[in-house]
Amino acid sequence: MLGEKFATRLNSFASKPEIFWKNGISTLTPEKLIERAGTVNGLTNLDLNYPDHSENNLSEILKIMNVNGLAINGFAMRYYTNPAFKLGAFTNPDKKIRQEAIDLTKKGIDIARQSNSNLMTLWLGQDGFDYGFQADYKKLWHDEIDGIREVALHDKECQISIEYKPNEPRAYSLLSNLFSTLLAIKEGITTADTSRTKVWKGSFDLGLFVSHHSSAFLNQGIWVAPIASKIKSPTP
């Protein structure tokens, strides 16, 4: 019923560890989570966080996934390596920190491609603000678009999926819902260099996350049809 491919986040298997490891477990390593994932009937693929799950031991991770009958679906960026990212990744007020986040994302894309995956999900939860008049909203928006565009053009064979969310860790996320995310994609397409517009358009996907839709007070089903007509390949 679910088709030949069914994927989930590796992080999901960190929930309620006592159910699986009844005698307790001291450390939940990616390797242990993969072993737990391998016991799920019908599960074929996993999404790994970058750099959390794969920065130093990717070859070992891939080996354990193979042993457990699993393959990589894609990677998802996390921006926790530098405490300065708390004030923004692609929208950080410091240009050097913005570039660090962009370069980290490019490295993540390279890792994904080395793993025979062509999907990178961007969850830009650090990009936003926490109270009124904290930031120059126009600058935030342009910095976000510029950052997304730069990583999208890094590897035209890798799809970039944008995961929107109303908040967390910022009180107000810049890409907080379906509408702001679609607008960001549209603006990126129309403002990209003519010679590169095809690359930008062909590289994008939109992640439809049920829990994020609910927290944004959006009905999931009603948006699937119009999104499917605009976006190349919606990701459930």
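No experiment lies behind these values; they were computed from the predicted model shown.

Scoring rules and cut-offs
The numbers attached to residues start from 1 for each chain and follow its sequence in the written order. Local features are withheld for residues below a pLDDT of 70 in this predicted model, meaning they are given only at 70 or higher, and side-chain atom pairs are given and counted only at 80 or more; totals for whole chains, interfaces and linings count all residues. Derived side-chain values reflect all non-hydrogen atoms in the structure, with water molecules and hydrogen atoms excluded from consideration. Each residue carries a pLDDT score, the predictor's own confidence in it, on a scale running from 0 to 100. We call two residues contacting when some pair of their heavy atoms lies within 4.5 Å. The helix and strand labels rest on DSSP assignments: H or I over at least four residues marks a helix, E over at least two residues marks a strand, and numbering proceeds from the N terminus. Only protein chains enter the calculation, and the probe is 1.4 Å; a residue is then buried if its accessible area is under 20% of its type maximum, exposed if over 50%, and partly exposed in between. A pair of strands is considered paired only if DSSP assigns at least 2 bridges between the two. Orientation is described by lines fitted to C-alpha atoms, with helices fitted over the stretch in contact, and by angles between N-to-C directions that extend from 0 to 180 degrees. For classification purposes, angles smaller than 35 degrees are called roughly parallel, those larger than 145 roughly antiparallel, those between 65 and 115 roughly perpendicular, and all remaining angles oblique. Note: crossing handedness is left-handed where the near helix turns anticlockwise from the far helix by less than a right angle, and right-handed where it turns clockwise. Polarity classes work like this: nonpolar for Ala, Val, Leu, Ile, Met, Phe, Trp, Tyr, Cys and Pro, charged for Asp, Glu, Lys and Arg, and polar for all others, with Gly in that last group. Polar contact is the term for a pair of N or O atoms within 3.5 Å; when the atoms are in protein, one must be able to donate a hydrogen and the other to accept it, and sequence-neighboring residues count only if both atoms are side-chain atoms.

Our next topic: the confidence of the model for the protein. Confidence in the prediction of the protein, expressed as mean pLDDT, is 86, and 78% of residues score 70 or more. Counting interchain partners and residues more than four positions distant, the pLDDT-below-50 stretch residues 193-200 has 15 contacts.

On to the environment of Ser-180. Along the chain, Ser-180 turns up in helix α6 (residues 178-191). It is 8.6 Å that separates the C-alpha atoms of Ser-180 and Tyr-164, two residues lying 16 residues apart in sequence. With residues up to four places along the chain from it excluded, the contact list for Ser-180 reads Trp-141, Leu-174 and Leu-175.

The element strand β6 (residues 159-163) is largely enclosed, with a buried count of five among its five residues. Two strands pair when backbone bridges link them, and strand β4 (residues 119-123) and β6 are joined in this way by five bridges, in the parallel orientation. Looking at β6, one finds that Leu-122 is bridged to Ile-162.

The relative placement of two packed helices is expressed as an angle between their axes plus a distance between the axes. Contact geometry of helix α4 (residues 95-114) with helix α5 (residues 137-152) gives a least axis separation of 9 Å together with a crossing angle of 30°. Comparing the axis directions of α4 and α5 gives the class roughly parallel. Note on packing geometry: the crossing formed by α4 with α5 is right-handed. Between α4 and α5, the contacting residues are Arg-98, Gln-99, Ile-102, Thr-105, Lys-106 and Ile-109 on the first element and Lys-139, Asp-143, Gly-147, Glu-150 and Val-151 on the second. Residue composition of the contact of α4 with α5, by class: three nonpolar, three polar and five charged.

Let us look at the side chain of Gln-126. Examined against the element boundaries, Gln-126 turns out to sit in the loop between β4 and β5 (128-129). Here Tyr-79 takes part through its backbone oxygen, which lies 3.1 Å from a polar atom of the side chain of Gln-126.

Turning our eyes to something else, we now look at unusual backbone geometry. Following Tyr-50, the chain continues to Pro-51 via a peptide bond in cis, the omega torsion being 5°. Topologically, Pro-51 is positioned in the loop between β2 (45-50) and α3 (58-67). The peptide bond linking Glu-168 to Pro-169 adopts the cis configuration, its omega dihedral lying at 5°. Examined against the element boundaries, Pro-169 turns out to sit in the loop between β6 and β7 (172-173). Within the chain, Asn-116 stands out as a residue other than glycine whose phi angle is a positive 65°. Here Asn-116 is to be found in the loop between α4 and β4. Judged by relative accessible area, which is 74%, Asn-116 ranks as exposed. With phi around 65°, Phe-133 is a residue other than glycine that occupies positive phi space. Looking at where Phe-133 falls in the secondary structure, it is placed in the loop between β5 and α5. On the accessibility criterion, Phe-133 (80% relative accessible area) is exposed.

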